[in-house]
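Below are the chains, spelled out letter by letter.
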Amino acid sequence: LGCRDGVMMEYNMPTLISDEKSENSAREIEEDNLYEPCPGLPSKHQLTCYFSLGEWWYATGIGFKNMGELCSEISNLEHKKICYLGIGRAISARVDFDLPSAVQECTLMQDMNSEAICRAGLKWEFYANPEMVNIYPKICEGLAPAGRNICEENWNIVEVYKNG
């Protein structure tokens, strides 16, 4: 998080500044290298990189269901988990923090575990938005007990980073 996340954001969606305007444009996607540059980075930067993939994939036109499929193909379990958390983060802003829409997008993940971790990413983003302070506690509701536990145990991304 913080500066590392900013580095990944600028790498994936550089800000182009001219005299008239500034705008972001997504780095082009290479079909044979959808996780680049994450696998080749030093290990201390990989979690941030995998976390940022959802934002970049969205900017390049990949839908949330396909993002879930891409995360499911990551072999390292911590990288896979942080990838799903990043999808949750990406969803939050894209649905303008509308809880039912956000939860619906997470249901597109492959299974209960990935949906629960996606919802944990939602919960973090809603928590970080002061206007959502009364809503974020509800995000894990409606999941089966095991899924709710996964969601509740993984929503604090600061703790996930410390332990990952």
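Here, the structure is the one placed above.
All figures in this text were calculated on a predicted structure; none of them were measured in a lab.

Novice: Quick one: what's the story with the overall build of the protein chain, residue by residue and with numbers?
Specialist: Helix and strand content of the protein chain: eight helices and two strands. Helices and strands appear in the protein chain in the N-to-C order α-β-β-α-α-α-α-α-α-α. Here the protein chain holds 164 residues, and 46% of them are scored as buried. Considering only residue pairs separated by 6 or more positions, the protein chain has 60% of its internal contacts joining residues 24 or more positions apart. Entry remark: accessible area of the protein chain is about 8,600 Å², with carbon and sulfur atoms responsible for 50%.

Novice: I'd like to hear about the environment of L53, residue by residue, with values.
Specialist: For L53, the location among the structural elements is in helix 2 (residues 43-59). Each C-alpha atom of the pair L53 and I87 lies 7.7 Å from the other, and the pair is 34 residues apart in sequence. Residues within four places of L53 in sequence aside, it is in contact with L34, Y35 and C38.

Novice: Report on the pattern of salt bridges, specifying residues and quantitative values.
Specialist: Within the structure shown, the criterion is met by six salt bridges. The partner of E115 in a salt bridge is R119, and the shortest N-O contact between them spans 3.0 Å. Highlighted residues: E115 and R119, both in helix 6 (residues 112-128), separated by four residues, approximately one helical turn. For E115, a relative accessible area of 13% corresponds to the buried category. The exposure class assigned to R119 is buried, which follows from its relative accessible area of 6%.

Novice: Requested: an account of the state of the cysteines, with residues and values cited.
Specialist: Across all of its chains, the model carries four disulfides by this definition. A sulfur-sulfur separation of 1.9 Å characterises the disulfide bridge that pairs C71 with C83. Taking the sign of the S-S torsion, -70 degrees for the link of C71 and C83, the bridge is left-handed. Of this pair, C71 sits in helix 3 (residues 64-72) while C83 sits in helix 4 (residues 77-94), and the two are twelve residues apart along the sequence. Accessibility assignment for this pair places C71 and C83 in one class, buried. The partner cysteine of C140 in its disulfide is C151, sulfur to sulfur 2.0 Å. What sets the handedness of the C140 and C151 disulfide is the S-S torsion sign, and at about -70 degrees it is left-handed.

Cut-offs and rules
- Residues numbered from 1 in each chain as written.
- Predicted model: local features only at pLDDT ≥ 70, side-chain atom pairs only at ≥ 80, totals over all residues.
- Heavy atoms only, no water.
- Helix = DSSP H or I, 4+ residues; strand = E, 2+ residues; numbered from the N terminus.
- Buried < 20%, exposed > 50% of the residue type's maximum accessible area, 1.4 Å probe, protein only.
- Contact = heavy atoms within 4.5 Å.
- Areas by Shrake-Rupley, 256 points an atom, 1.4 Å probe, with all protein chains shown as cover.
- Salt bridge = Lys/Arg side-chain N within 4 Å of Asp/Glu carboxyl O.
- Disulfide = S-S within 2.5 Å.

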